[in-house]
Amino acid sequence: MVISQPRQRVLTLESMNENARKVEYAVRGELAIKSDHYREMLKDEAKRKTLPFKEIVTCNIGNPQQEGLDQKPLTFLRQVAALTEYPPLLDSPHAADLFPADARARAAELLRETGSVGAYSHSKGVPFIRRSVAEFIEARDGYPADPEHIFLTAGASAGVGTLLNALIAKPTDGVLIPIPQYPLYTASLALYGARPVPYYLDESNNWALNADAIRQTIKRERSEHGTVTRALVVINPGNPTGGVLSEQNMQDLVHLAVDENLVIFADEVYQANVYDPSHRPFVSFKKVVCDMGADVELVSFHSISKGVTGECGRRGGYFELVGFDSDVLEEVYKLASVNLCPSLSGQIGVDLMVRPPKEGDESYPLWKEETDAIFNSYKTRSAVLHKKLNELEGISCNPAEGAMYIFPKLTLPKKAIEAAKKAGKSPDAFYCLALLDAEGICVVPGDGFGQEEGTHHYRTTNLVPGVDEYADRLARFHRDFLEKYKD
């Protein structure tokens, strides 16, 4: 029997999870959607002629290997990955001609430990790879790490979600997040029904923070809104700011976490992207906590998507838990088990990040050449963008000490602000949409990351090849925009 009567839908906007509807994620928001539309238009010869640009320049997300940016993957990583994906290559009579000895040895070792990349692993991740991560952490910080306290994840974002899911117990629970911040945190807090508690980074002081001001924020949120602040998110190096925290700032935050009974979420995925380590080196929160002998709960995140690895689509990362009760560790393990395990190819990527070729290995010279070239390209592009943008009227920006971004501050004419209001857009979004329409350049408005009221910014990556031409296009648009809306 055919039922022709249309039925009422079970899942509608009105009936779906209200928290899911509250989620916003600016780096994949309106501008990214519009840029995808333009990209499709460029494939059509007739439509292409109607646009004032010949390509879309994607600068809205730190995704180095995407089309148009075209960062080449690290050879050693892809060689080992190929061998683990198709083990018969190891037995090929041509294997020695195609793959260096250390790549073949690593692949064979990983296959012995994993069995197959098509099989489930332990829910925390392959024990052998977790031991490699523990050795990496100990070598970096000088303090031991327990592989049983390390969880491999499908990128750092998955780990953040797991820990927030474990942490958030009541609608009055709050989490301190830096402003500006990577919108993963506001999106995740919305999804889990928690309250974001913003603390502001000081743009006039290279995005440093003030622990005393954060204490006052906690006190005010508690007294005015009944918010129970349970965790402190720190992104170091900063996204979108590019700032690197001083060790003194980090110590201040550890004292704060101890005094206020907070879990520290240390997002350290850009730890290999620090451009002047002699002035401001990367120091992990694990090292600071251990140096201080502080009794505090700390979770630290890392990822193969950033650094010089740039394997965003492979989805590999890890988190380490420090100072947590054993029964909580068991509950986090249970949450991880719900998803069975992270991708094996991502886990292998983590092993290759924390155990790269070492001096004397056959692959080391090429690995060193490739990683140095990638790192230096990021550093040079950041410097060029900082210099050229700061030369423009109405733009100022701090130098990027780390990460993959520049976050310039815009001083916009009143007429532009009024036009934005009339269009129903924030001034930042209005400016960025105009940039996309004129130049095909996709960046992210500052309001997608949060910013001090009355200020306007945008974030661009430092991943665009031909940075001088790119900076010149940004400058050309900016001058035209100011001329169009001059007061």
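What you are looking at is a predicted structure, and each value in this text was computed from that prediction instead of being measured.

Rules used in this analysis
Residues numbered from 1 in each chain as written. Predicted model: local features only at pLDDT ≥ 70, side-chain atom pairs only at ≥ 80, totals over all residues. Heavy atoms only, no water. Disulfide = S-S within 2.5 Å. Helix = DSSP H or I, 4+ residues; strand = E, 2+ residues; numbered from the N terminus. Expected span 1.5 Å × (residues − 1). Buried < 20%, exposed > 50% of the residue type's maximum accessible area, 1.4 Å probe, protein only. Contact = heavy atoms within 4.5 Å. Pairing = 2+ DSSP bridges. Axes fitted to C-alpha atoms, helices over the stretch in contact; angles between N-to-C directions. 1 Å grid on protein atoms, 1.4 Å probe; cavity = no way out; pocket = protein on both sides within 12 Å on 5 of 7 lines; lining within 4 Å. Points joined across faces, edges and corners; volume = space filled by probe spheres on them.

Caption draft 1: Region of the structure containing the state of the cysteines. One pass over the structure, following the stated rule, counts 0 disulfides. C59 supplies the cysteine sulfur nearest to C442, a cysteine that is in no disulfide, at a spacing of 7.7 Å.

Caption draft 2: Representation of helix 2 (residues 30-42). With 13 residues, helix 2 extends 19 Å between its outermost C-alpha atoms, agreeing within 8% with the 18 Å of an ideal straight helix rising 1.5 Å per residue. Of the residues making up helix 2, those classed as buried are L31, A32, S35, Y38, M41 and L42. On its buried face, helix 2 sits against helix 3 (45-48), helix 17 (427-439), strand 12 (441-442) and strand 13 (444-445).

Caption draft 3: Focus on the sheet that holds strand 6 (residues 263-267). A sheet is described by the order of its strands in space; here 7 strands give the open sequence 2-8-7-6-5-3-4, paired in mixed fashion. Looking at which strands have only one partner, the edges of the open sheet turn out to be strand 2 (150-153) and strand 4 (195-200). Within the sheet, the average angular offset between the axes of one strand and its neighbour, ignoring direction, is 20°. In the sheet, strand 6 pairs with strand 7 (residues 298-303) via 4 bridges, with the strands oriented parallel. By the bridge assignment for strand 7, A266 is matched with S300. Strands strand 5 (228-235), strand 6, strand 7 and strand 8 (317-322) of the sheet are contacted by helix 12 (residues 285-292), whose axis makes an angle of about 150° with strand 7.

Caption draft 4: The layout of surface pockets, seen in detail. Taken as a whole, the largest pocket spans an internal volume of roughly 630 Å³. Forming the boundary of the largest pocket are 28 residues, of which F136, A272, V308, M353 and W367 lie nearest the centre. Those elements giving two or more residues to the lining of the largest pocket turn out to be helix 4 (75-85), helix 7 (127-141), strand 7, helix 14 (344-354) and helix 15 (364-390).

Caption draft 5: Molecular detail of unusual backbone geometry. Across the junction of I179 and P180, the peptide omega takes the value 5°, indicating a cis bond. As for its placement among the helices and strands, P180 is situated in the loop between strand 3 (173-179) and helix 9 (184-191). Omega for the peptide link from N239 to P240 comes to 20°, which places this bond in the cis form. Looking at the secondary structure, you find P240 in the loop between strand 5 and helix 11 (247-260). A positive phi angle is found at R315, which is not glycine, with a value near 55°.

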